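# Fold and geometry: a report
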Amino acid sequence: MTIQGEQIIGRQIARGAEGSIYGVEAATGEKLQPAFGGATQADLERACQLADEAFDPYRALPAERRAAFLEAIAEEILALGDELIERCCAESGLPRGRIEGERGRTMGQLRLFASVLRDGGYLDARVDPPMPERQPLPRVDLRLRNVPIGPVAVFGASNFPLAFSVAGGDTASALAAGCPVVAKAHSAHPGTSELVGRAVLAAAQRCDMPEGVFSLLFDSSRRIGQGLVADHRIKAVGFTGSRGGGTALMKIAASRPEPIPVYAEMSSINPVFLFPQALEARAETIAKGFAASLVLGAGQFCTNPGLVIAVEGPALDRFVRATGEALAALPASVMLTPGIHEAFERGVAQLTGHAGVETVARGQEGGKLRGQAAFFAVDAEGFLADPMLQEEVFGASSLLVRCRDEAEMRRVAERLEGQLTAALHIEAGDHEAVRPLLPLLERKAGRILVNGFGTGVEVGHAMVHGGPFPATADGRSTSVGSKAIERFLRPVCYQDMPDDLLPPALQNANPERLWRRVDGVLTQPSA
Ligand SMILES: NC(=O)C1=CN([C@@H]2O[C@H](COP(=O)(O)OP(=O)(O)OC[C@H]3O[C@@H](n4cnc5c(N)ncnc54)[C@H](OP(=O)(O)O)[C@@H]3O)[C@@H](O)[C@H]2O)C=CC1
Ligand SMILES: O=C(O)CCC(=O)C(=O)O
């Protein structure tokens, strides 16, 4: 067995001495061996110091070297083989097919960022040539490129133990930007974390990366996670998890003598708007798609459709009936951790006991640690009267808001907090009713989609997986897709800098053959 309960600090693999953490088999709640030692303050100090020392040599490497490193991480993850898949399934309760798919996505993300590095566009190289003869004043020579922000702390997600964790999107985008990473392993999947951490270390050694480009710490008390965010050498944070956890880290980051950005993806209920013509034409088909999206991964997707908004009437009744039939055929699924299961049960019980809320459908009954899907309904007045009804119930739970008309649908939309996604189910005859809602949804959500559901995020160049608070801490960015690299970059301008002192990206000869914005015009490298 490769899993030894050890963390990684620079090139050293060793057991932490601060308490013990155990993985738990999600399906049974039984402890998994071995025990993982938590990091001490000295471990935290050393990981941050090494990351700081690695920063300049790492960012100075040619983009090709960093790209090869990212690709090597992908290869090393694949080389972990079945041990990774089995441990990850045991710790998360997610089925093998899903975990294999997620491994593919994780490798794909690493390779995507390798291609971003080779393309060079992320540097946003700009040259404003001097105009010494300009009247009344000459213009100076100005050149701009993006530089990495510094070492990044990454807190992986419990619900995506590979794609949003130790070598997930935050780590891939930070390493691509040129930032060393100190990852804090999620206590829900310590074994998976160690295996992936070892793969990153193997790749770093194979590619001769500077020591400290990556470290992985376990935390038995939350003090290490908090200390990481507070450490002066850490310059940004990537996080996916609860609103409570994310906002706690945001507060620490904001109260540092040097505040830093926290890119936290937290809570979203992803409203789904069902328009009358679409409901009339295909209420049953929409219901099937909705039920499938609701229970995907036991509902443990941040893009889960937790809120449905529609005008009441016979077509909506058909949708509710068909959803009930679809859910009745769907088994309850193992949830990620006993704590997440308990939080789900609590959220469902709160809705079940709410005076204005009706339980309209349940999935098949569960059993220990399994989440039974739940679909509730409330009228718009009831929804607008109680902000608690907007709180995310993490798992397969959704609330239908019955509106009297489309104006009431808009009023509900106006009241919503920031979201990762908003979905519209429409036919051509609904377009006029949809149009006035779009500017409002642009203010609320990072992604607006039509005739689909937000679960299953495509990793590409045009993807936005973000949104206004509380969906994320900073709605100006995305945590999925190539644009995620921008979170860990900042622009530097060089004024009247001699050519030989400029970074190659900005030198007159353009030795890296980059597309650059010259005097405002995007310009191809000359042959
Ligand atoms: N919207 C979304 O994308 C997601 C939402 N969630 C929500 O979060 C709940 C719990 O899930 P979980 O993944 O454990 O999320 P948490 O926010 O509890 O944990 C995420 C990570 O942050 C750490 N952390 C959390 N709070 C603090 C703190 N105050 N100080 C220092 N570190 C902290 C955790 O440490 P440790 O490992 O020690 O717990 C973990 O590594 C779910 O029930 C759900 O409501 C979860 C996943 C995704
Ligand atoms: O749906 C996806 O692929 C991403 C979902 C996500 O970010 C999450 O659930 O935390």
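In the nomenclature of an unreviewed UniProt entry, the chain is known as 2,5-dioxovalerate dehydrogenase of Aureimonas jatrophae. Looking at the Sequence similarities (unreviewed entry) heading of the UniProt record, one finds this comment for the chain: "Belongs to the aldehyde dehydrogenase family."

Our focus in this paragraph is the UniProt feature "domain: Aldehyde dehydrogenase" (unreviewed entry) in the chain. According to UniProt, the positions carrying the feature "domain: Aldehyde dehydrogenase" (unreviewed entry) are residues 36–459. Here residues 36–459 is 46% helix and 18% strand, with 32 Å between the C-alpha atoms at its ends.

Another aspect to go through is helix H5 (residues 169–177). H5 sits mainly inside the fold: nine of its nine residues count as buried. The positive-phi residue at the C-terminal boundary of H5 is Gly-178, with phi of around 110°.

What follows covers the site of ligand 2. Within the structure, ligand 2 sits among Arg-105, Asn-159, Phe-160, Phe-164, Thr-240, Glu-265, Phe-301, Cys-302, Thr-303, Gly-456, Val-457 and His-465. Note that an oxygen atom of ligand 2 is positioned 2.6 Å from one of the backbone N or O atoms of Cys-302. Here an oxygen atom of ligand 2 and a side-chain polar atom of His-465 are 2.7 Å apart. Of the pockets mapped on this structure, ligand 2 occupies the largest cavity. Split by residue class, the shell around ligand 2 holds five nonpolar, five polar and two charged.

In this structure, the second largest pocket spans a volume of roughly 440 Å³. Counting only elements with at least two residues in the lining of the second largest pocket, the list comes to helix H1 (41–60), helix H2 (63–79), helix H4 (96–119) and strand E6 (142–148). Residue contributions to the lining of the second largest pocket peak at four residues, all from E6. For the lining of the second largest pocket, the class distribution of residues is 14 nonpolar, two polar and nine charged.

So, about empty space enclosed by the protein. Under the counting rule described, the total for this entry stands at five cavities of 30 Å³ or more. Taken as a whole, the largest cavity spans an internal volume of roughly 80 Å³. The wall of the largest cavity is formed by Arg-105, Asn-159, Phe-160, Phe-164, Thr-240, Glu-265, Phe-301, Cys-302, Thr-303, Gly-456, Val-457 and His-465. Residues that form the lining of the largest cavity fall into these classes: five nonpolar, five polar and two charged. In terms of domain composition, the lining of the largest cavity takes at least three residues from each of domain 1 (46–126 + 147–266 + 478–487) and domain 2 (271–450).

Positionally, Arg-198 belongs in helix H6 (residues 190–206). Within the structure, Arg-198 has its side chain in polar contact with the backbone oxygen of Thr-2 (distance 3.3 Å). Filtering out sequence-adjacent residues up to four positions away, Arg-198 remains in contact with Thr-2, Gln-4, Glu-6, Ile-8 and Ile-13.

What counts and how
- Residues numbered from 1 in each chain as written.
- Chains lettered and ligands numbered in written order.
- Predicted model: local features only at pLDDT ≥ 70, side-chain atom pairs only at ≥ 80, totals over all residues.
- Heavy atoms only, no water.
- UniProt positions renumbered as here; feature names shortened; annotations may be inferred.
- Helix = DSSP H or I, 4+ residues; strand = E, 2+ residues; numbered from the N terminus.
- Buried < 20%, exposed > 50% of the residue type's maximum accessible area, 1.4 Å probe, protein only.
- Near = heavy atom within 4 Å.
- Polar contact = N/O pair within 3.5 Å; in protein donor to acceptor, adjacent residues only side chain to side chain.
- 1 Å grid on protein atoms, 1.4 Å probe; cavity = no way out; pocket = protein on both sides within 12 Å on 5 of 7 lines; lining within 4 Å.
- Sits in = over half its atoms within 2 Å of the grid points.
- Nonpolar A, V, L, I, M, F, W, Y, C, P; charged D, E, K, R; others polar.
- Points joined across faces, edges and corners; volume = space filled by probe spheres on them.
- Domains from an automatic or database assignment.
- Contact = heavy atoms within 4.5 Å.

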